[in-house]
Amino acid sequence: MRASGASHGVAEESVRIGVYICHCGTNIAGTIDVYALTQYCGTLPGVAVAREYKYMCSDPGQELIRQDIRDHKLDRIVVAACSPHLHDKTFRNAVALADLNPYYFHMVNLREHDSWVHVDKLAALEKAMDLVRAAVRRVRWHVPLERRQVPIHSEVLVVGGGIAGIDAALTMANAGKHVYLVEREPTIGGHMAQFDKTFPTLDCAACILTPKMTAVKGHKNITLWTYSDVQQVEGYVGNYEVKVRRRPRYVIEDLCVGCMECIQACVFKQGKTFDEFNLGLSKRKPIYIPFPQAVPPVVVIDREACIEFKSGKCKKTCVEVCAERNAIDFQQQEEIRDIRVGAIILATGFEVFDATRIPYYGYGLYPNVYTSLEIERLVNASGPTGGEVVLRDGRKPETVGIAHCIGSRDSHTNKYCSRVCCMYSLKLAHLIKEKTGAEVYNFYIDMRAAGKAFEEFYNHVAEEGINFIRGKLADVYPEGNGGGRLILKAEDTLLGMIRKIPVDMLVLSAGLEPQADANEVRRLFNIGCSADGFFLERHPKLAPVNTFADGIYIAGCCQGPKDIPDTVAQSGAAAAQALALIDAGVVELEPNTAYVVAEACSGCKTCIPLCPYSAISYLDEKKAQINEVLCKGCGTCVAACPSGSIRQNLFEDQEIYAEIEGILTYA
Amino acid sequence: MPEGFEPKIVAFFCNWCTYLAADLAGTSRIKYAPNTRVVRVMCSGRVDPQFILDAFAKGADGVLIGGCHPGDCHYQEGNYKALRRFVLLKRLAKQMGLEDERLRLEWISAAEGERVKTVINDMVEKVRALGPRVPARRKEVA
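Residues numbered from 1 in each chain as written. Chains lettered and ligands numbered in written order. Predicted model: local features only at pLDDT ≥ 70, side-chain atom pairs only at ≥ 80, totals over all residues. Heavy atoms only, no water.

A. Expanded view of the interface of chain A and chain B. Listed by partner, the interface residues are 49 residues for chain A and 54 residues for chain B. When chain A packs against chain B, close to 4,500 Å² is buried across both sides, 58% of that on carbon and sulfur atoms. Asp72(B) is the salt-bridge partner of Arg522(A), the closest N and O atoms lying 3.0 Å from each other. For the interface between chain A and chain B, the tally reads 21 residue pairs in polar contact (both at pLDDT 80 or more). (Contact = heavy atoms within 4.5 Å. Buried area = accessible area lost by both parts, 1.4 Å probe. Salt bridge = Lys/Arg side-chain N within 4 Å of Asp/Glu carboxyl O. Polar contact = N/O pair within 3.5 Å; in protein donor to acceptor, adjacent residues only side chain to side chain.)

B. Fine view of the state of the cysteines. Following the criterion strictly, the structure yields two disulfides over all chains and no others. Paired through a disulfide, Cys204(A) and Cys207(A) show a sulfur-sulfur distance of 2.1 Å. In this structure, the disulfide formed by Cys204(A) and Cys207(A) twists by about 95° around the S-S bond and is classed as right-handed. On the basis of relative accessibility, which here comes to 51%, the residue Cys207(A) falls in the exposed class. Sulfur-sulfur distance for the disulfide between Cys17(B) and Cys68(B) comes to 2.4 Å. Across the S-S bond of Cys17(B) and Cys68(B) the torsion is about 100°, and the bridge reads as right-handed. Taken as a pair, Cys17(B) in the loop between strand S1 (9-14) and helix H1 (18-27) and Cys68(B) in the loop between strand S3 (62-67) and helix H3 (78-95) lie far apart in primary sequence, 51 residues in all. Taking relative accessible area as the criterion, Cys68(B) reaches 2% and is therefore assigned buried. Cys22(A) supplies the cysteine sulfur nearest to Cys24(A), a cysteine that is in no disulfide, at a spacing of 5.1 Å. (Disulfide = S-S within 2.5 Å. Buried < 20%, exposed > 50% of the residue type's maximum accessible area, 1.4 Å probe, protein only. Helix = DSSP H or I, 4+ residues; strand = E, 2+ residues; numbered from the N terminus.)

C. Layout of the pairing of strand S6 (residues 156-159) of chain A. Residue and element names in this part refer to chain A. Burial along S6 is two-sided: the face carrying Val156 and Val158 and the face carrying Leu157 and Val159 are both buried. Once you follow S6 into helix H6 (residues 163-174) and on to strand S7 (residues 179-182), the crossover reads as right-handed. Pairing of S6 with strand S18 (residues 343-346) involves four bridges; the strand directions are parallel. Residue pairing in the sheet places Val156 in a bridge with Ala343 of S18. (Right-handed = clockwise from strand over helix to strand, strands pointing away. Pairing = 2+ DSSP bridges.)

D. Representation of the sheet that holds strand S29 (residues 552-554) of chain A within the structure. Residue and element names in this part refer to chain A. With parallel pairing, the five strands of this open sheet are ordered in space as S10-S7-S6-S18-S29. Each edge of the open sheet is held by one strand with a lone partner, namely strand S10 (222-225) and S29. Going from strand to strand, the sheet's axes swing by 20° on average, the running direction of each strand aside. Pairing between S7 and S10: four bridges, direction parallel. Its bridge partner lying in S10, Tyr180 is registered against Thr223. H6 rests against S6, S7, S10 and S18 of the sheet, and its axis sits at about 170° to S7. (Axes fitted to C-alpha atoms, helices over the stretch in contact; angles between N-to-C directions.)

E. Structural detail: the packing of aromatic side chains. All names here are of chain A. Taken as a whole and judged by the stated rule, the model has 13 aromatic pairs over all chains. Relative to Phe291, the ring of Phe277 lies with its centre 4.4 Å away and its plane at 15°, an arrangement referred to as stacked. In this pair, Phe277 sits in the loop between strand S13 (273-274) and strand S14 (283-284) while Phe291 sits in the loop between strand S15 (287-288) and strand S16 (300-301), placing the two residues 14 residues apart along the sequence. Residue class for Phe277 comes out buried when judged on its relative accessible area of 10%. Look at Tyr444 and Phe468: their rings are 6.2 Å apart centre to centre, the planes differ by 80°, and that puts the pair in the edge-to-face class. Placement of Tyr444 in strand S22 (residues 439-444) and of Phe468 in strand S23 (residues 467-470) is noted, with a sequence separation of 24 residues between them. Using a relative accessible area of 9% as the deciding quantity, one classes Tyr444 as buried. An aromatic cluster of at least three residues, connected via ring pairs, comprises Tyr250, Phe309 and Phe330. One cation-aromatic arrangement involves Arg247 over Tyr227; the distance from NZ or CZ to the ring centre is 4.1 Å. Positioned above the aromatic ring of Tyr227 is the side chain of Arg249, whose terminal nitrogen or guanidinium carbon lies 5.8 Å from the ring centre. (Phe/Tyr/Trp six-rings, centres within 6.5 Å; stacked < 30°, edge-to-face > 60°. Lys NZ or Arg CZ within 6 Å of the ring centre and 35° of its normal.)

Here's what the structure looks like:
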C-alpha cells in the first residue's frame, strides 16, 4: 500500500543516502576490500554517509544506522551485506525504529552473490561497486509504503496423519485452534503404525502412538478426514481457501462402530487382496480395516475387489449383518469440502526406497530377500505372522544378513544418507536375534549412530554378539548346492578380504525417499523442493519448518529423512510457528502490489487475462482497477501494460531503470 | 577483439527460484565468473522487454533472465508470460543485429545452485568470444 501523499515517478534531488557495508566477519571482507568499497561509496552522488562495520546485522550495527539517520538526517538507506532473503526485514525494522519509512531502504547482496562465489578479489570489488552504485541510484526513487494488514483465520489445515501430522494437530488443538487433519489413507498413523519397536529405547511404537491417534479422534477441536486429499489451494497467508476431496469408503463413518462383523460376514472366506498395511505379507478382504487400532475405527470397502461393485450380484452378507446400524452404503459418492484456514502444515511423510531398483540385491527375485519395513511387520506381534520371524516357507532363519544403505549414499540412486537406517538395522538385528537366536551379519559402510543414546545402543547390540562387516554388500546369489540359502558377497574393508556369507534371510535396509507425488503436492501448495526432492525449507538453519509460501509450514520426513524424535520436535516447531501467526490476529503483507494510474489507462484490457489471481477488474469508466487484497505482486501486468499505466510498488519501472543504469555506468 | 575484455551481463532473476538458486550457489561456495550483476524482480513475468532493451542501450554486453521451471512459477504462470515475450523480443533483437548468445532466458530452480554456475560461465564465455557490444565500450576497453 502506498503511504498517503506518496507521489510516484519522481526522483528526489536532495536525498541524503547512507550506505553501510558489512564485513560479515571475513565472509565478505575476506574477498572484497570493504574499505576501498566504502571510500568509493562516499564519492557517489547523494551519499551523505558511507560506513563499513564488522556485522551490520548485530545490535551495534543496526544502532549505527539508526544513529546516523538522526544525526545526519538521512532519508535513504542502502545496506550491502548478505541476501535480502536473510536480513531484508531486519534492516527495514531498524530503519523504521529511527522513524524513517522502512521502504526508503534497499539491500545489496554482497555475500551470496559476490564474495562467496568469486575468487578474483579485484573483479569481486568491481562487481560490489557496480551493485552498490545501482542500489544508490535505485533508492532515490523509493517512495514511502505501508504494509497491508489483513485478518487471519484461526483454523489450521494439517496434511498427512503420520506422527508428524498427529503431533502438530494435537498441539494446535490443545491450544484451542480448530484443526482439519487430512489423511489420504483410510487411517491415520502413517509409517510409525507399521513399526514394531523404536530405537534406541525399544519401546513399542503402537504403545506410544495409538493413544495419540485416539486423542485425535476424540478431540473436540479436530476435524479428522481420512481417505481424503487436498484438491485445490487458493488465497494467501492467513486466508487460504482449500478444497478437500473426501473419497467414498462406502461405509457411513458416523454409523459404523468398528465392530468388524461385516468383515467376518464377507462372502470371501479368506482375504485375497494385497494387504497394504502388511506390505502384501498377508491378504485382506474387500471390506477391511487396515489394522485393529485404526483411527477412525471404520471399515472401508475396496471397490476394485468387492463383488458387488464388480458384478452387482453379491449376496451382500456385510449389509445383512449390519442391518441394525445400516452403515454400509454402496451409493456413497465423493464429496468436496471447502474450508478456509489461516495456516497449513504439510506433514506428508516419505516413501520407502523401492529395492527392485537395484536388481543385484535380488529383491523380488529371491523369496527370502526382504525390505526392512517388511521385517518390521514380521517382528510385530500384531503382524501377519503374529510376531514370528519366519521365511516365506515357514522355516525359522538360522543366519540373517542385513545390508545397510540400500538406495542411500549411492550415486546411482540417492546421494544422501537416510539417517535412520543404521539405527533401525541395529534394532532389527537385536529383535531378530532375540526372536530366532539366528546369527546376524550387518553389512555397513559407516555406522552412523549420532543421537541421544544411539552410540550406547550400538555398543549394546554389538555386545549381544551381532556381527558387523564393514563393507557394502556387493552381490547376492543362491547357494550352488540347492539348499535354498543365499550367498552374500562383500569386501570386508577392515580385514581387507572378500567374504562370502551364506544366509537364510537377507534384509535390505531401504532408505527414505520423497513421496512419489511430492512434486504435485509442492505445486499444489506453491512451495519448493530441494535437489533431493524433499520439500525445501525457508532456511536450513534458522527457518527449518517455514517455506517460501508464508503461512505454510513443513514437518517430518517430507522435509528430509529423520527419526521419530526429530520428527516430533519439528512438528512441534511447525505448530508453534502456525500458532504465532494465528495468535497475532492480523498479518502484514509486503506492499509490492501493482496499481493502475487511472489517468494514463487507455482501457485496452491487455492486463486482465494476464492476472492469475483475477485481481484486475474493468470499471464502467473503461479503466482497469487492481484489487490490492487479491494482488500478490508478481508484476506480470506491469510489464505487459502498453501505456505504462500499471505500476508496481517496490519494483517501479524507474527504480529498475535506475538500477540498470547504476550497474552499467562507469563512474 | 580488445585484449582483456570482460563482458558485463545484466541478469534479471526472479525472487523465488533463480535468485534463491544464486543464493544457494553462494552458501555452497560454488565459484563462477564475476561478470553478472543481478537485478531482483519478484517474477520473470515482471521483466518488461524495455528493461532488456534499456540494458543493451546502456552498454550491457549480455542480458540473462532467470525464472522458475515451467509449471513451478510462484505466481502460477508468470514464467510462461516471460517466455512469450522473450520469443518475440528475440526475433526483434535478431533483426536489430543482436547476436543470439547475448540474450538468454533460463529456468533455474531454487535447488539448482550448480546450474547458476554452468549457465553464467557458459554465457560469459560465449559473450566474451563475441567481444564488446557497444562501440564506445570497445574503445574504452581498448
